[in-house]
Amino acid sequence: MSALVAAAPAMVQPRAAHPARATLRTPCRSAFVARIQQRRPAARSARVFAADANVKAAGAGPVTDSTWEELVLKSPVPVLVDFWAPWCGPCRMIAPLVDEIAAEYGDRLRTLKLNTDESPNVATEYGIRSIPTVMVFKNGAKMDAVIGAVPKSTLVQTVEKYME
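Residues numbered from 1 in each chain as written. Predicted model: local features only at pLDDT ≥ 70, side-chain atom pairs only at ≥ 80, totals over all residues. Heavy atoms only, no water.

A. The arrangement of the pairing of strand β2 (residues 79-84) in detail. The buried fraction of β2 amounts to five of the six residues, a majority that puts the element mostly inside the structure. In terms of strand pairing, β2 meets strand β3 (residues 110-115) through six bridges, oriented parallel. Paired with V79 across the strands is R110, a residue of β3. As for the winding sense of the linkage, the β-α-β connection from β2 through helix α6 (residues 89-105) to β3 is right-handed. (Buried < 20%, exposed > 50% of the residue type's maximum accessible area, 1.4 Å probe, protein only. Helix = DSSP H or I, 4+ residues; strand = E, 2+ residues; numbered from the N terminus. Pairing = 2+ DSSP bridges. Right-handed = clockwise from strand over helix to strand, strands pointing away.)

Pasting the structure below:
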């Protein structure tokens, strides 16, 4: 029996890459792609747009436990708050819809997003048990709530009820 064990081949260890090859390795690309990239002027290869500091970014802004009172409860305009979490698939589905609503309504509606993992106190205070939950506040009071991933038309109808 010991002869069988001795005759068995030793476990082969995977070869480590040669140190010189690791530093010289470049991504593969075809000769065609290399020629095209050589012909292109450098200015076209990267486009950078400077953002004006005075222009409000399109989309919903963040809100936290510490900024809740100032941004939501003391707001002079109606506020749409999206309660979400980064691990929530349906939350990521409605996030672009909330951003579209923010862009459409502009200054007539304040649109904010509250990450329930980072700001659990507000979520607990308002009884958020399911996410995504979208709430509408007006004059510091909760007016309406929509729970779950819903179409944009449902969110717009909810907002329209409280616009002046």
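B. Region of interest: the pattern of salt bridges. Per the stated rule, a full pass over the model turns up five salt bridges. For K152, the salt bridge is made with E100, and the minimal N-O distance between the two is 3.0 Å. Of this pair, K152 sits in helix α8 (residues 152-160) while E100 sits in helix α6, and the two are 52 residues apart along the sequence. The exposure class of K152 is partly exposed, given its relative accessible area of 22%. Each of the salt bridges in this network shares a partner with another, and the network as a whole consists of E100, E104 and K152. (Salt bridge = Lys/Arg side-chain N within 4 Å of Asp/Glu carboxyl O.)

C. Quick peek at the sheet that holds strand β4 (residues 133-138). Here five strands make up an open sheet; going across it, the order is β1-β3-β2-β4-β5 and the pairing mixed. Both outer strands of the open sheet, β1 (61-63) and β5 (141-147), are each paired with one neighbouring strand and no more. If you compare each strand with its neighbour and ignore which way they point, the axes differ by 30° on average. Lying on the sheet, α6 is in contact with β2, β3 and β4; it crosses β2 at an angle near 165°. Here α8 sits on the sheet and contacts β2, β4 and β5; the angle it forms with β5, its principal contact strand, is near 165°. (Axes fitted to C-alpha atoms, helices over the stretch in contact; angles between N-to-C directions. Contact = heavy atoms within 4.5 Å.)

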